[in-house]
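# Structural features, examined
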Amino acid sequence: MTAFDLTPPTDAERRAITAGLSGDERRVLLEHGTEAAFCGVFLDNKKDGIYTCRFCGLPLFRSNAKFDSGTGWPSFFKPFAELHIKRVRDASYGMVRVEEVCARCGSHLGHVFPDGPRPTGERHCLNSVSLGFTPTGETLPDVLKRGAPEGAPDTEV
Ligand SMILES: [Zn+2]
């Protein structure tokens, strides 16, 4: 279940958003790149709030699911909603991994590994550059102009 509209962005919306991305953001979000470890802006973010898709603004993770994995990338043990992420088999670089992408826009987020903490046992290993952050009580992004719950303050604690 999700209150969010998961209809993919139109081609025109994609072009407009892509035009506003930095080179690093494009490389990671659109070309499945990985940022350098220990460099991401959200690695040590301890604030309460919601991490959203850098491309389309969809909520992806809550701060209460963030943990220090020691890997150098922001890590979460569960997504905001399972429907908000899509898991894709990734056999690149001679490894079989599970890539995760935004379920709405398809942007690359990171990978999911089976060595996380309880209760899920999952480690969602994210690129900071794939994420935005909205502190608790502040207004969620509404990149695609879909309206509430986007563009409204997050009320759940
Ligand atoms: Zn997205």
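First things first, this report covers the structure right here in the doc.

## Considering the coordination of the zinc ion
- Ligation of the zinc ion by protein atoms is provided by Cys53 (SG), Cys56 (SG), Cys102 (SG) and Cys105 (SG), these donors lying 2.3 Å from the ion.
- For the zinc ion, the four donor atoms in the first shell make angles of 102 to 115 degrees at the metal, so the coordination geometry reads as tetrahedral.
- One chain supplies every donor to the zinc ion, and in sequence these donors are spaced C-x2-C-x45-C-x2-C. Here Cys53 is found in strand β1 (residues 49–53), whereas its partner Cys105 is found in the loop between β6 (97–102) and β7 (108–113), with 52 residues between them in sequence.
- In this structure Cys105 comes out as buried when scored by relative accessible area, which is 7%.

## Digging into unusual backbone geometry
- That bond from Arg118 to Pro119 is cis: its omega, 5 degrees, falls within 30 degrees of zero.
- Along the chain, Pro119 falls in the loop between β7 and β8 (123–126).
- Omega for the bond connecting Ala148 with Pro149 falls within 30 degrees of zero, at 5 degrees, which places this linkage in the cis form.
- Relative to the assigned elements, Pro149 resides in the segment after β9 (131–135).
- The phi dihedral of Tyr93 is positive, around 60 degrees, even though this residue is not glycine.
- Positionally, Tyr93 belongs in the loop between β5 (85–90) and β6.

## Things to note about the sheet that holds β6
- Spatially, six strands are ordered β3-β4-β8-β7-β6-β5 in an open sheet, and the strand pairing comes out antiparallel. Whereas interior strands pair on both sides, the edge strands pair on one side only; in this sheet they are β3 (66–67) and β5.

## Section: the state of the cysteines
- A full pass over the atoms with the stated rule returns zero disulfides.
- Here Cys39 is not disulfide-linked; the sulfur of Cys125 is the nearest cysteine sulfur, at 13 Å.
- For Cys125, a relative accessible area of 11% translates into the label buried.

Parameters and conventions
Residues numbered from 1 in each chain as written. Predicted model: local features only at pLDDT ≥ 70, side-chain atom pairs only at ≥ 80, totals over all residues. Heavy atoms only, no water. Donors = N, O, S within 2.8 Å, 3.2 Å for Na, K, Ca; no water. Tetrahedral: all angles 85-135°; square planar, octahedral: opposite > 155°, others 65-115°. Helix = DSSP H or I, 4+ residues; strand = E, 2+ residues; numbered from the N terminus. Buried < 20%, exposed > 50% of the residue type's maximum accessible area, 1.4 Å probe, protein only. Pairing = 2+ DSSP bridges. Disulfide = S-S within 2.5 Å.

Everything listed here is a matter of coordinates, which is why it stays silent on function.
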